[in-house]
Amino acid sequence: MIMRDTDRALVQAATAVAKLRCRSENHTVAAAVRSADGRVFSGVNVYHFTGGPCAEVVALGAAATQGAGELETIVAVGDRGRGVLPPCGRCRQVLLDYFPSIRVIVGPSDGLRAVPVAELLPETYVWSDHQADVPAVPRTGVWPQPVVPVSRQSAED
């Protein structure tokens, strides 16, 4: 896929966050995600021996807290000049489940490209398709509403 100017700017944004905020073993990757309305949200990974969240997931959380709707492109950049990093398998699955049309910037610095997340997960598992008790949530590219269980009346009511 062709890199747009806005894609290059997203890589620059993630790179700037990596240089500014990734200065310890606790934060080694920065991510930037762009919403359909052009806003950019960033995050850094939170390393922990229990498997803290990746930068991509933190950036998604930042976007959610700011009321972002559809997210269209995301990129992760490593600290110490490591450049663009592909998302791990867990992040690929999260991206596909929440934003099935999102583009992910991957590749070496001289050959960056923005690809649909589905290309990074061929023959993927779709979480919502395999939930027995929860109605299938349509994959719309917007944040899903939480499913709140219906409370049952107690015998005392």
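Presented here is a report on the structure given in the accompanying data block. (Residues numbered from 1 in each chain as written. Predicted model: local features only at pLDDT ≥ 70, side-chain atom pairs only at ≥ 80, totals over all residues. Heavy atoms only, no water.)

For the rest of this paragraph, the subject is the side chain of Thr 28. Examined against the element boundaries, Thr 28 turns out to sit in the loop between α1 (5-21) and β1 (29-35). Excluding residues within four positions of it along the chain, Thr 28 makes contact with Cys 22, Asn 45, Val 77, Gly 78, Asp 79 and Arg 82. (Helix = DSSP H or I, 4+ residues; strand = E, 2+ residues; numbered from the N terminus. Contact = heavy atoms within 4.5 Å.)

In this section: the packing of aromatic side chains. Throughout the structure, instances matching the rule amount to one aromatic pair. Centroid distance Tyr 98 to Phe 99: 6.4 Å. Interplanar angle 35 degrees. Geometry classified as tilted. The exposure class of Phe 99 is buried, given its relative accessible area of 0%. (Phe/Tyr/Trp six-rings, centres within 6.5 Å; stacked < 30°, edge-to-face > 60°. Buried < 20%, exposed > 50% of the residue type's maximum accessible area, 1.4 Å probe, protein only.)

Right, let's get into α1. The terminal C-alpha atoms of α1 lie 24 Å apart, and with 17 residues this matches the ideal 24 Å at 1.5 Å per residue to within 8%. Buried-residue contacts for α1 involve β1, β2 (40-44), β3 (71-78), β4 (83-85), β5 (103-106) and β6 (113-116). (Expected span 1.5 Å × (residues − 1).)

What follows covers the pairing of β1. Of all seven residues in β1, seven are buried, a share of seventy percent or more. Going residue by residue along β1, you find Val 29, Ala 31, Val 33 and Ser 35 tucked away on one face and Ala 30, Ala 32 and Arg 34 tucked away on the opposite face as well. Sheet topology note: the β1/β3 ladder contains seven bridges and is antiparallel. When the bridges of β3 are listed, Ala 31 appears paired with Ala 76. As judged from the five bridges shared by β1 and β2, these two strands associate in the antiparallel manner. Its bridge partner being in β2, Ala 30 is matched across the sheet by Val 44. Between β1 and β2, which pair antiparallel in sequence order, lie four residues; one of them, Gly 38, sits at a positive phi of approximately 90 degrees. (Pairing = 2+ DSSP bridges.)

Just distances and angles here, no functional claims.
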